[in-house]
Amino acid sequence: MHEIKVRLPSGSYKIQIEAGSLGRCGDQIRAVSAAERVVVISDENVWSLYGSQLEAALVNAGFLVDSILIPPGEGSKTMECFARVCGNMADLHVQRDHLIIAFGGGVVGDLAGFAAAVYMRGLPYVQIPTTLLAQVDSSVGGKTAIDLPQGKNLVGAFHQPQIVITDPDLLKTLDKRHLAEGMAEIIKYGAISDEELFVKLEEYGSIEGALPHMEDIIFHCCDTKRVFVEQDERDGGERQKLNFGHSFGHAIEKMGLYRKHSHGEAVALGMVMAAKTGEALGLTPIGTGERLKRIIQAYQLPTKINVEYKELVHHMSMDKKNDHEGHKLILLKAMGKSMIYTVAEAELSTILEDILELAL
Ligand code: GLY
């Protein structure tokens, strides 16, 4: 088993990564919780595949189990769905000594984590991520949120889990598109802080090539994220580098009404845009954007998009990193080295007009 300890002033916790751990997770959870009752928040797909296995593991460890299911997809990260989940928690008479378990991908983790953060002013919760994206990124670090019509993740809270239990075997039922979207976040770690990982991903050359190494890759990414989160839990500086490609990506997701591009696909497009923006500003070595584009194509992620630059900049204006000086972007100093850079809206518009004219 790989184990990582995240040490934070608000509370430390472990990330345990081991193939087959879903069947044993009751004991891992019992080790961090004395709760009698747990409420699992999951989506309908995950629950139909793995719900009975999780329930059995929890019952065997002495927990009484209830579940709340949401429809799969980003469309569930809304105020309405959040209100329904909180209402279901009230109907189940959830109290402060109950434990919440977020069992699913990024949407479930964000929404269930947010419900745990605010219901009765905060309940303990556990993350059991079931997608590659959630296993390498969203289950770690305590960011929880829902979307607003105005933008993604605009309402949320920092709320760290009691433990993150990751079973790479769950990836066996994940389709190519979901695996690819997790690869986008893995490529991101290489691009912002780890050229060695980036080179390995280039060598693996495809999702199939990377799959046999996945347990190690997940461990490596979570450990890299741990370093950023321990330095800057509340996202005021260094941690923002984890959002490489996301300012563009969140705008792209929103422009497609969260249906056209998955989060990972939008981030992949956003990373190429960010690299090319850095090149246009003279801050990123020429060729970095093309190198990113090649690896993104190899991992079956999109590199072409047809959007109007003015609309893109408009949607980027809701980014949480922005301040009165302009758009705060994460750019690359080199492959494996990132920086935070503020660019005025007018300058960003001119650069994006050129980039998008060349269809990336
Ligand atoms: N996904 C970026 C972060 O957790 O900060």
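Residues numbered from 1 in each chain as written. Predicted model: local features only at pLDDT ≥ 70, side-chain atom pairs only at ≥ 80, totals over all residues. Heavy atoms only, no water.

## Comments concerning the pairing of strand S1 (residues 2-6)
- The sheet contact formed by S1 and strand S2 (residues 13-17) spans five bridges and is antiparallel. When the sheet's bridge partners are listed, lysine 5 is paired in S2 with lysine 14.
- Between S1 and S2, which pair antiparallel and follow one another directly, the connecting turn spans six residues, one of which, glycine 11, has a positive phi of 135 degrees. (Pairing = 2+ DSSP bridges. Helix = DSSP H or I, 4+ residues; strand = E, 2+ residues; numbered from the N terminus.)

## So, the environment of cysteine 86
- Here cysteine 86 shows up in helix H3 (residues 79-91).
- Under the relative-accessibility criterion, cysteine 86 is labelled buried at 15%.
- With 56 residues separating them in the primary sequence, cysteine 86 and glycine 142 have C-alpha atoms 19 Å apart. (Buried < 20%, exposed > 50% of the residue type's maximum accessible area, 1.4 Å probe, protein only.)

## What to know about the packing of helix H11 (residues 263-280) against helix H12 (residues 288-298)
- At a minimum axis separation of 8 Å, H11 and H12 run at an interaxial angle of 165 degrees. The angle between the axes of H11 and H12 places the two elements in the roughly antiparallel class. Crossing of H11 over H12 shows left-handed handedness. In this structure, H11 contributes Ala268, Met271, Val272, Ala275, Lys276 and Glu279 to the contact, and H12 contributes Thr288, Gly289, Glu290, Leu292, Lys293 and Ile296.
- Looking at the contact of H11 with H12, its residues break down into six nonpolar, two polar and four charged. (Axes fitted to C-alpha atoms, helices over the stretch in contact; angles between N-to-C directions. Parallel < 35°, antiparallel > 145°, perpendicular 65-115°, else oblique. Left-handed = near helix turned anticlockwise from the far one by under 90°. Contact = heavy atoms within 4.5 Å. Nonpolar A, V, L, I, M, F, W, Y, C, P; charged D, E, K, R; others polar.)

## Remarks on the state of the cysteines
- Tallied over the entire structure, the rule returns zero disulfides.
- The thiol of cysteine 86 is not disulfide-bonded; the next cysteine sulfur, from cysteine 81, is found 9.8 Å away. (Disulfide = S-S within 2.5 Å.)

## Points about the site of the ligand
- Close to the ligand lie Asp137, Lys143, Lys225, Arg239, Leu242 and Asn243.
- Between lysine 225 and the ligand, the recorded distance is 2.6 Å, taken from a side-chain N or O atom to an oxygen atom.
- In this structure, an oxygen atom belonging to the ligand sits 2.8 Å away from a side-chain N or O atom of arginine 239.
- In isolation the ligand has 200 Å² of accessible area, and contact with the protein removes 90% of it.
- Residues belonging to the shell around the ligand are distributed by class as follows: one nonpolar, one polar and four charged. (Near = heavy atom within 4 Å. Polar contact = N/O pair within 3.5 Å; in protein donor to acceptor, adjacent residues only side chain to side chain. Areas by Shrake-Rupley, 256 points an atom, 1.4 Å probe, with all protein chains shown as cover.)

## Let's talk about the packing of aromatic side chains
- Enumeration according to the criterion identifies one aromatic pair in this entry.
- Its guanidinium or amino end placed over the ring of phenylalanine 63, arginine 30 lies 3.8 Å from that ring's centre, counting from NZ or CZ.
- One residue, lysine 188, lies across the ring of tyrosine 189, its end atom 4.7 Å from the ring centre. (Phe/Tyr/Trp six-rings, centres within 6.5 Å; stacked < 30°, edge-to-face > 60°. Lys NZ or Arg CZ within 6 Å of the ring centre and 35° of its normal.)

## Description of a negative patch on the surface
- A cluster of like negative charges, contributed by Glu308, Glu311, Glu353, Asp354 and Glu357, occupies part of the molecular surface.
- The topology assignment puts glutamate 308 in the loop between H12 and helix H13 (309-316).
- Taking the relative accessible area as the measure of exposure, glutamate 308 reaches 41% and is therefore partly exposed. (Patch = residues over 30% accessible without salt bridge, like charges linked within 9 Å, V, L, I, M, F, W, Y side chains within 5 Å. Salt bridge = Lys/Arg side-chain N within 4 Å of Asp/Glu carboxyl O. Lys, Arg positive; Asp, Glu negative; His and termini not counted. Charge placed at Lys NZ, Arg CZ, Asp CG, Glu CD.)

## Description of helix H6 (residues 176-193)
- With 18 residues, H6 extends 26 Å from end C-alpha to end C-alpha; this agrees with the ideal 26 Å at 1.5 Å per step.
- In terms of burial, H6 is largely enclosed, as 14 of its 18 residues are buried. (Expected span 1.5 Å × (residues − 1).)

## Digging into helix H14 (residues 345-357)
- The end-to-end C-alpha distance of H14 is 18 Å, a good match for the 18 Å that 13 residues give at a rise of 1.5 Å each.
- Restricting attention to buried positions, one finds in H14 the residues Leu348, Ser349, Ile351, Leu352, Ile355 and Leu356.

## A look at the packing of H13 against H14
- The contact between H13 and H14 brings their axes to 9 Å, and the two run at 135 degrees. The angle between the axes of H13 and H14 places the two elements in the oblique class. Our pair here, H13 against H14, has a crossing hand that is right-handed. Along the contact surface, H13 presents Tyr309, Leu312, Val313 and Met316, while H14 presents Glu345, Leu348, Ser349, Leu352, Glu353 and Leu356.
- For the contact of H13 with H14, a count of residues per class yields seven nonpolar, one polar and two charged.

## What about the side chain of glutamate 74?
- Position of glutamate 74 among the secondary structure elements: in the loop between strand S4 (64-70) and H3.
- A distance of 2.9 Å separates polar atoms of two side chains, one belonging to glutamate 74 and the other to lysine 152.
- Sequence-distant contacts of glutamate 74, that is, excluding residues within four places in its chain, are made with Val107, Asp147, Lys152, Glu253 and Tyr258.

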